[in-house]
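So the chains spell out like this:
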Amino acid sequence: MRRKIIAEIIRLNLLYSIDPVALGSIRERHKENPESSISLRILRTQLLITALYVGIFALMAMITDFSKQPNTFSQFIGIFFIMTFLQGVLATFNVFYESKDMQSYRHLPVTTAEVIVGKSFTVLTAVMDFVAPMFVFCIFVQLKSENPVRIAIPLGILSFVTMFLAVSCLVFVSVNTLTKTGFFRKHKRFFSALITTVTTVILSLGFLAMNPNFFFYKLLNRSGNIFVPFSPFFELSKDPASPGAWRGIGFWAAFITVCAVIIYKLILPRFYENILRVEQNAVGKKKKKAGKSKSFGAYMLTYNAGLLEDTTVLSQFILMPQLIMPISMAIVTYNLQDGLRDLHMDARYGIVMFVIGALYAFVTSGMLNSIAISLDRENYNFIKTLPVDMYKYLMYKFWFFYWIQNLLPVVTLTALLLWSDMPVSLIFAAIFSLLLTSLGVCHVYFKRDYKLLDLGWQNIMQLANRGGGNITRMFTWFGALLAGSGLAALAYYVSKAMSKENAMISTVCLAVVMILFSWSHHRSCTRFWKREFRSDKR
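Reading guide: rules and limits
Residues numbered from 1 in each chain as written. Predicted model: local features only at pLDDT ≥ 70, side-chain atom pairs only at ≥ 80, totals over all residues. Heavy atoms only, no water. Phe/Tyr/Trp six-rings, centres within 6.5 Å; stacked < 30°, edge-to-face > 60°. Helix = DSSP H or I, 4+ residues; strand = E, 2+ residues; numbered from the N terminus. Buried < 20%, exposed > 50% of the residue type's maximum accessible area, 1.4 Å probe, protein only. Lys NZ or Arg CZ within 6 Å of the ring centre and 35° of its normal. Axes fitted to C-alpha atoms, helices over the stretch in contact; angles between N-to-C directions. Parallel < 35°, antiparallel > 145°, perpendicular 65-115°, else oblique. Left-handed = near helix turned anticlockwise from the far one by under 90°. Contact = heavy atoms within 4.5 Å. Nonpolar A, V, L, I, M, F, W, Y, C, P; charged D, E, K, R; others polar. Core = buried A, V, L, I, M, F, W, Y, C linked by side-chain atoms within 4.5 Å. Patch = residues over 30% accessible without salt bridge, like charges linked within 9 Å, V, L, I, M, F, W, Y side chains within 5 Å. Areas by Shrake-Rupley, 256 points an atom, 1.4 Å probe, with all protein chains shown as cover. Salt bridge = Lys/Arg side-chain N within 4 Å of Asp/Glu carboxyl O. Lys, Arg positive; Asp, Glu negative; His and termini not counted. Charge placed at Lys NZ, Arg CZ, Asp CG, Glu CD. Expected span 1.5 Å × (residues − 1). Bend = angle between axes of the 7 residues up to and from the residue. Polar contact = N/O pair within 3.5 Å; in protein donor to acceptor, adjacent residues only side chain to side chain.

### Notes on the packing of aromatic side chains
For step 1, the next point in the chain: Inspection of the entire model under this criterion finds 30 aromatic pairs.
For step 2, the next point in the chain: With a centroid separation of 5.9 Å and 70 degrees between ring planes, the pair formed by Phe354 and Phe432 is classed as edge-to-face. Separated by 78 residues along the polypeptide, Phe354 in helix H17 (residues 350–364) and Phe432 in helix H20 (residues 424–451) bring together distant segments of the chain.
For step 3, the next point in the chain: Overall, the relative accessible area of 5% leaves Phe354 in the buried class.
For step 4, the next point in the chain: By relative accessible area, which is 22% here, Phe432 ends up partly exposed.
For step 5, the next point in the chain: Through a chain of ring-to-ring contacts, three or more aromatic side chains come together here, namely Phe398, Trp399, Tyr402, Trp403, Phe446, Tyr450, Phe528, Trp529 and Phe533.
For step 6, the next point in the chain: Lying across the ring of Phe96, Lys119 places its NZ or CZ 5.9 Å from the centre.
For step 7, the next point in the chain: In this structure, Lys447 is placed above the aromatic ring of Phe528, and the distance from its NZ or CZ to the ring centre is 4.6 Å.

Given below as structure tokens:
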């Protein structure tokens, strides 16, 4: 194998090893200094983050005496193992499948082995910031034991190499098994966005789970030592001759051997062809069902669903905004679970649920509607030239994005309230308030997108940043959280002071007021769109 060829493959594939948002940020900085290489910037960033992590976690390992805290060691190692796995799955998928360049290599004087090795090293650069802390912990737990250095260092390296080989095999087998399923090939873009979002969320939770004051750390401890598979590496530091430790490492070796056989016998012989099949399937999908006529509603459903296939739209505008609030509420619910049961919430506290539903809507709604029209790009001007009722077209678009955006919040809020043992009547009140408040919020953002219309965007995040979008939204979130928390507390004490009959009458009155306000605001917005487009035809 030729080193220069492999180095060039690594350089080209570094662009796919990071998420699109980070890549867009690097491209923006590259415009200020076009002489520097984007790939070199990415590599420098990865090395800097890795060095930072090594410094931080080496300091943590020096302060923490892992030799006396087996559960803490297993938990930390386990968390980084999971984070390496998730980041490895994402990077492997992006570098091998999303790059869509495997067909191009067939026409070049490059061997299959060189392509696979080059891309594998690229994946390694993407996960080295999580792999490095594993190495640090493995070495420090051995150094803090009573074993001589000449024994401690080799045992630390052995522990690290065993885990690294295991996670590498697990990533490779998982990605290739997933991509061979027909369901994955049919919904490849959705899976790509889902993998990106889940990885981002779990990586964030992983770091928080290392904080003893965070609820996730306490939850893991209360759940027992769920990281038992990592305990043999700790036992090895306490007693290098322990039969139990070597038995556990033997299980790891057996797992690596089984995965290696699967990779060598089943995956590698058809690896290249499997990637090409996934790429060709993505192209072939576009050629299906060309001549069938559709109704306007069916066409709009297909067209708008197609706009959501962009990985960044799915991850940054649908999944991520909808997961931040549930995670925050889960933290509060977990910490206050016993207190919530003691409150004995019943139908009289409907006003409290209205406030919670409205707060949930303010935090989770609007992101998708704020880019709904601009996603059309040049299609928007083209559609305006057709004999299409633009008012009807935009209303279809509005309602489609409204329901898509509220599907996940309705499910997550219902799940959180059921977890808190809330009565069905209060859950219904919260969902009712969520949908009504979200209607107003989505109208505001939909109109804002029209006024700041940008059909020539290059990066989807440009749409989010228009008119101070992200900063404005951040202040809106914080303001909603502060105001909502205060109003929820006030509503609780007011409801508690009332008789049950008066509280329920107040809840019904508030519901009527919300319906009237939402209906009035909706009518006002629909009149705006009618004036904008139907007046042009007269």
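From this point on, the discussion continues.
### Considering the packing of helix H14 (residues 296–307) against helix H19 (residues 390–419)
For step 1, the next point in the chain: The contact between H14 and H19 brings their axes to 10 Å, and the two run at 55 degrees. Relative to H19, the element H14 lies oblique. Seen along the crossing, H14 lies across H19 with a hand that is right-handed. Here H14 contributes Phe296, Gly297, Met300, Leu301, Tyr303, Asn304, Ala305 and Leu307 to the contact with H19, which in turn contributes Lys392, Tyr393, Tyr396, Lys397, Phe400 and Phe401.
For step 2, the next point in the chain: Its residues assigned to classes, the contact of H14 with H19 shows 10 nonpolar, 2 polar and 2 charged.

### Describing the nonpolar core
For step 1, the next point in the chain: Ranked by internal contacts, the top residues of the largest apolar core, which has 62 residues, are Phe73, Phe81, Phe137, Met163, Phe230 and Phe271.
For step 2, the next point in the chain: Elements with a contribution of two residues or more to this core: helix H3 (38–63), helix H4 (70–98), helix H5 (102–105), helix H6 (112–143), helix H7 (149–179), helix H11 (231–238), helix H12 (243–267) and helix H13 (271–285).
For step 3, the next point in the chain: Those residues in contact with Met163, other than ones at most four positions away along the chain, are Ile77, Phe81, Met134, Cys138, Phe230, Phe233 and Trp252.
For step 4, the next point in the chain: Formed by 38 residues, the second largest nonpolar core is a distinct cluster that contains Tyr380, Phe400, Phe401 and Trp457.

### What about a positive patch on the surface?
For step 1, the next point in the chain: There is a patch of like positive charges on the surface, built from Arg523, Arg527, Lys530 and Arg531.
For step 2, the next point in the chain: Structurally, the position occupied by Arg531 is in helix H23 (residues 500–533).
For step 3, the next point in the chain: Of the residues examined, Arg531 reaches a relative accessible area of 52% and is grouped as exposed.

### Let's talk about H19
Think of an α-helix as turning once every 3.6 residues; residues three or four places apart then point the same way.
For step 1, the next point in the chain: Relative to the 44 Å expected for 30 residues at 1.5 Å per residue, H19 spans 44 Å between its end C-alpha atoms, a close match to the ideal helical length.
For step 2, the next point in the chain: Maximum bend of H19: about 30 degrees, positioned at Asn406, with proline Pro409 one to four residues after it.
For step 3, the next point in the chain: If you check the start of H19, you find a side-chain oxygen 3.0 Å away from the backbone N of Tyr391, and it comes from Asp389.
For step 4, the next point in the chain: With its phi angle positive at about 60 degrees, Asp421 sits one or two positions after the end of H19.

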